[in-house]
Amino acid sequence: GIVHIDASESHMINHRHMDVFFDSPLIGMKVAEQIQMEPILLSWKEGVRDYHSVFIVPIDSNITLENLDGKTIVFEDEESTSGYLLPRTHLENIFYNLKSYKLKYLFSEDDENTPIWVLEGKGDLGVVSNLDFEDTPENIKNKLKIIESTNTIPRQLVIVKSELESKFEIKDILLEMNNSELGKEVLKKISRTSQFSEIDKEKDLVEIRKLLEMIN
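Numbers given to residues run from 1 along each chain, matching the order in which its sequence is written. Local features in a predicted model are, by the rule used here, given only for residues with pLDDT of at least 70; side-chain atom pairs are given and counted only at 80 or more, and totals for whole chains, interfaces and linings are based on all residues. With hydrogens and water set aside, each side-chain value is computed from the structure's full complement of heavy atoms.

## Some remarks on the overall build of the chain
Stage number 1. The numbering of helices and of strands both runs from the N terminus, where a helix is a DSSP run of H or I of at least 4 residues and a strand a run of E of at least 2. Counting secondary structure elements, the chain contains eight helices and twelve strands.
Stage number 2. By principal-axis analysis of the C-alpha atoms, the chain measures approximately 55 × 35 × 30 Å.
Stage number 3. By sequence separation, contacts in the chain at least 24 residues apart represent 74% of the contacts at least 6 residues apart.
Stage number 4. For the chain, the computed accessible surface area is about 11,600 Å², with 48% contributed by carbon and sulfur atoms. Any two residues whose heavy atoms approach within 4.5 Å are treated as being in contact. For the accessible areas, the method is Shrake-Rupley and the probe is 1.4 Å, while residue cover comes only from the protein chains on display.

## Thoughts on helix H3 (residues 113–120)
Stage number 1. The buried label applies to any residue whose accessible area, calculated with a 1.4 Å probe on protein chains only, is under 20% of its type's maximum; exposed applies above 50%, and partly exposed to all values in between. Those residues of H3 lying buried are Thr114, Pro115, Trp117 and Val118. Projection of H3 onto a plane perpendicular to its axis shows the buried side chains occupying an angular sector of 160°, all on one side.
Stage number 2. Its buried side turned inward, H3 meets strand S5 (53–58), strand S6 (71–75), strand S7 (103–107), strand S8 (125–129), helix H5 (138–141) and strand S9 (144–149).
Stage number 3. Gly121 sits one or two residues past H3 and shows a positive phi near 85°. By arc we mean the arc of the directions from the helix axis to the C-beta atoms, nothing more.

## A word on helix H8 (residues 206–215)
Stage number 1. Taken together, the buried positions of H8 are Glu207, Ile208, Leu211 and Leu212. One side of H8 holds all its buried residues, which, seen down the axis, span an arc of 140°.
Stage number 2. Tucked inside the fold, the buried residues of H8 contact helix H1 (25–34), helix H2 (81–93) and strand S10 (153–154).

## Re the sheet that holds S8
Stage number 1. Spatial ordering of the open sheet is given by S7-S6-S8-S5-S9, a layout of five strands whose pairing is mixed. Bordering the open sheet on either side are S7 and S9, each of which pairs with just one other strand. Averaged over all neighbouring strand pairs, the angle between strand axes comes to 30°, with direction disregarded.
Stage number 2. The sheet contact formed by S5 and S9 spans five bridges and is antiparallel. Its bridge partner being in S9, Phe55 is matched across the sheet by Glu148. Strands are treated as partners if at least two bridges between them are detected by DSSP. Fitted lines through C-alpha atoms serve as axes, helices being fitted only where they are in contact, and the angles separating the N-to-C directions of these axes extend from 0 to 180 degrees.

## Here we look at the packing of H1 against H8
How two helices pack is summed up by the angle between their axes together with the distance between the axes.
Stage number 1. Look at H1 against H8: their axes get within 10 Å of each other, and the N-to-C directions meet at 70°. Here H1 lies roughly perpendicular to H8, going by the angle between them. In this structure, H1 meets H8 at a crossing whose hand is right-handed. On H8, the residues that touch Pro25, Leu26, Met29, Lys30 and Glu33 of H1 are Ile208, Leu211, Leu212 and Ile215.
Stage number 2. As a working rule, the residues Ala, Val, Leu, Ile, Met, Phe, Trp, Tyr, Cys and Pro are called nonpolar, Asp, Glu, Lys and Arg charged, and the rest polar, with Gly in that last group. Per-class residue counts for the contact of H1 with H8 are seven nonpolar, no polar and two charged. An angle below 35 degrees is treated as roughly parallel, one above 145 as roughly antiparallel, one from 65 to 115 as roughly perpendicular, and anything else as oblique. Two helices that cross are described as forming a left-handed crossing if the nearer one is turned anticlockwise from the farther one by less than a right angle, and a right-handed crossing if clockwise.

## Concerning the nonpolar core
Stage number 1. Residues belong to one nonpolar core when they are buried, are Ala, Val, Leu, Ile, Met, Phe, Trp, Tyr or Cys, and are joined through side-chain atoms within 4.5 Å. By size, the foremost hydrophobic cluster in this structure holds 36 residues, and its most contacted members are Leu68, Leu91 and Ile208.
Stage number 2. Apart from residues no more than four positions distant in its own chain, Leu68 is found in contact with Ile63, Leu91, Tyr96, Lys102, Leu103 and Leu125.
Stage number 3. Judged by nonpolar contacts, the second largest core, of 14 residues, contains Val158, Ile170, Leu174 and Leu187.

## With respect to the pattern of salt bridges
Stage number 1. Only one rule defines a salt bridge in this text: a Lys or Arg side-chain nitrogen within 4 Å of an Asp or Glu carboxyl oxygen. Applying the stated criterion across every chain, the model contains twelve salt bridges.
Stage number 2. A salt bridge links Lys171 to Glu198, with the shortest nitrogen-to-oxygen separation between them at 3.0 Å. Taken together, the residues span a long stretch of sequence, with Lys171 in helix H6 (residues 167–176) and Glu198 in strand S12 (residues 193–198) at a distance of 27 residues.
Stage number 3. One salt bridge connects Glu181 with Lys184, and the closest N-O pair in it is separated by 3.9 Å. In this pair, Glu181 and Lys184 both sit in helix H7 (residues 181–188), three residues apart, roughly one turn of the helix.
Stage number 4. Taken together, the salt bridges that share partners define one network made up of Glu38, Lys167 and Lys201.

## With respect to the packing of aromatic side chains
Stage number 1. In summary, the pairing rule links any two rings of Phe, Tyr or Trp, Trp by its six-membered ring, whose centres are within 6.5 Å, and it sorts them by plane angle into stacked for under 30 degrees, edge-to-face for over 60 and tilted for everything else. The full count for this structure, using the stated rule, is six aromatic pairs.
Stage number 2. Measuring from ring centre to ring centre gives 5.4 Å for Tyr84 and Phe107, while their planes differ by 70°; the resulting arrangement is edge-to-face. Taken together, the residues span a long stretch of sequence, with Tyr84 in helix H2 and Phe107 in strand S7 at a distance of 23 residues.
Stage number 3. Classification of Tyr84 by relative accessible area gives buried; the value is 4%.

What follows is the structure, encoded as structure tokens:
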């Protein structure tokens, strides 16, 4: 059957009875590797194809990613893709080891807390997704600035069983759904999906593969 599964439900997957599911790219690819499934499309959630993390500091700060020695960074939590894993790989790509004594970090436990903690001085800089930063109240956002952005990752993937004979028919149906009123109505029921689009398995998944290597 076709199933929508979000991150909180992924541990309940019984792959013997599942042909298709939609999920965040990190969880989706982790499941796909374990049970012989593969991504076939990108799922645009709430009209968004992809997203990234942004590093934020107070607007009058002179901090850059080149002068983080001794600074404290505010992450969300250890399981957050945009609030920890993606920015962590970005930092490590520019030679920062988070376990080094030169860079301290803490967890705000909520993406809405991170900008506030930065303004309150609990940390020198913070990371949130660009989508969450856009939704930050103006009176807070106006006191912050973005100093760096990570590479993008897909918002959500469509994963199918590799041996599924009808996977190409399913792909064609999903790609056409936003072209009819009935299709648009169905899309609204699939976790606020607005459309599906083709996936470039190399380009679109390169950052996800880096994250999987880090957490495996």
